[in-house]
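Examining the three-dimensional arrangement
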Amino acid sequence: METIYIKNMVCKRCIVSVLNIFKAEGYTVESLKLGEVVAVKGLKSKFSNLNIALEKAGFEIIENRNDALIEQLKVAIIHKIEIGETANLFQVLAKEFGKTETALSKLFSKSEGVTLEKYTINLKIEKVKEHIQLGQLNFSEIAYSLNYKTSSHLARQFKAVTGMSMSNYKNGGNWDRKTLDKIV
């Protein structure tokens, strides 16, 4: 049984895709969560075939320990944003990963070419776009759900990232969104 870390496996649909690939390649999957698969290799399974099948579907096996940590960190941030637990995010993550905030930030920046804070802001902005499209929350409620102190702070950040106001985005109908695996 081995743990295999998978890059770009950041949503629930990815889990189904990766599971199907592992099964098709003859692996028995013991457990599966975002970014991580624990599996047993079948008698006729070839790791190279698994890698090729995953790459065709837009995934990648991570072999470097630091890269695996980065992928786990991305998954943790996405999860925290999804459930609305973004207060003191970097302190919480540092504690969960047994590293200092500075160490996590430096490792992330070196690997991804963008700061951990910028990455998190970009994720939040994509979440804001999703909320706007769904139309179930007003701007203040969206800000509150993402732990912004004020809706004006969110509005400034949204405009800085997208180049338009939230109202213009809402009224424009051009739902320009990035998939989670394309956010850097």
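Model, not experiment: these values are computed from the prediction.

Focus: the overall build of the protein chain
When helices and strands are counted, the protein chain shows 9 helices and 4 strands. When the elements of the protein chain are put in sequence order from the N terminus, they spell out β-α-β-β-α-β-α-α-α-α-α-α-α. Overall size of the protein chain, expressed as C-alpha extent along the three principal axes, is 60 × 40 × 25 Å. The buried share of the protein chain, reckoned over its 184 residues, is 38%. For the protein chain, the accessible surface area stands at approximately 10,800 Å², while carbon and sulfur atoms represent 49% of it. Each charge class in the protein chain was averaged separately, 27 positive and 20 negative side chains, and the resulting centres sit 3 Å apart.

Points about empty space enclosed by the protein
According to the stated counting rule, one finds 1 cavity of 30 Å³ or more in the structure shown. Space inside the largest cavity adds up to approximately 50 Å³. Mapped onto the lining of the largest cavity, the elements with two or more residues apiece are α6 (116-134) and α7 (139-145). Here the lining of the largest cavity is composed, by residue class, of 4 nonpolar, 3 polar and 1 charged.

Comments concerning the pairing of strand β2 (residues 28-33)
As paired strands, β2 and strand β3 (residues 36-40) are joined by 5 bridges and run antiparallel to one another. Residue pairing across strands places valine 29 opposite alanine 39, the latter belonging to β3. In this structure, the hairpin formed by β2 and β3 is closed by a connection of 2 residues, where glycine 35 is found at a positive phi of approximately 80 degrees.

Focus: α6
Every α-helical turn comprises 3.6 residues, leaving residues that sit three or four positions apart pointing alike. Over its 19 residues, α6 extends 27 Å from the first C-alpha to the last, a length consistent with the 27 Å expected when each residue adds 1.5 Å. Of all the 19 residues making up α6, 14 are buried; the element is thus mostly covered by neighbouring parts of the structure. One or two positions beyond α6, positive phi appears at glycine 135, with a value near 70 degrees.

Considering the layout of surface pockets
Estimated volume of the second largest pocket: approximately 350 Å³. Mapped by element, the contributors of at least two residues to the lining of the second largest pocket are α4 (89-97), α6 and α8 (151-162). Element by element, the count of residues in the lining of the second largest pocket is highest for α6, at 4 residues. A class-by-class count of the residues in the lining of the second largest pocket yields 5 nonpolar, 7 polar and 4 charged.

Concerning the side chain of lysine 127
In this fold, lysine 127 is placed in helix α6. Reaching out from lysine 127, the side chain makes a polar contact with the side chain of glutamate 82 at a distance of 3.0 Å. Leave out the neighbours within four places in its chain, and lysine 127 touches Ile81, Glu82 and Leu146.

Re unusual backbone geometry
Positive phi is not limited to glycine here, since asparagine 8 has a value of about 75 degrees. Tracing the chain through its elements places asparagine 8 in the loop between β1 (2-7) and α1 (12-24). One non-glycine residue, asparagine 147, lies in the positive phi region at around 65 degrees. For asparagine 147, the location among the structural elements is in the loop between α7 and α8.

Regarding a negative patch on the surface
Taken together, the side chains of Glu55, Glu60, Glu63 and Asp67 present a region of like negative charge at the surface. Inspection of the secondary structure puts glutamate 63 in the loop between β4 (60-62) and α3 (65-82).

Thresholds applied
Residues numbered from 1 in each chain as written. Predicted model: local features only at pLDDT ≥ 70, side-chain atom pairs only at ≥ 80, totals over all residues. Heavy atoms only, no water. Helix = DSSP H or I, 4+ residues; strand = E, 2+ residues; numbered from the N terminus. Buried < 20%, exposed > 50% of the residue type's maximum accessible area, 1.4 Å probe, protein only. Areas by Shrake-Rupley, 256 points an atom, 1.4 Å probe, with all protein chains shown as cover. Lys, Arg positive; Asp, Glu negative; His and termini not counted. Charge placed at Lys NZ, Arg CZ, Asp CG, Glu CD. 1 Å grid on protein atoms, 1.4 Å probe; cavity = no way out; pocket = protein on both sides within 12 Å on 5 of 7 lines; lining within 4 Å. Points joined across faces, edges and corners; volume = space filled by probe spheres on them. Nonpolar A, V, L, I, M, F, W, Y, C, P; charged D, E, K, R; others polar. Pairing = 2+ DSSP bridges. Expected span 1.5 Å × (residues − 1). Polar contact = N/O pair within 3.5 Å; in protein donor to acceptor, adjacent residues only side chain to side chain. Contact = heavy atoms within 4.5 Å. Patch = residues over 30% accessible without salt bridge, like charges linked within 9 Å, V, L, I, M, F, W, Y side chains within 5 Å. Salt bridge = Lys/Arg side-chain N within 4 Å of Asp/Glu carboxyl O.

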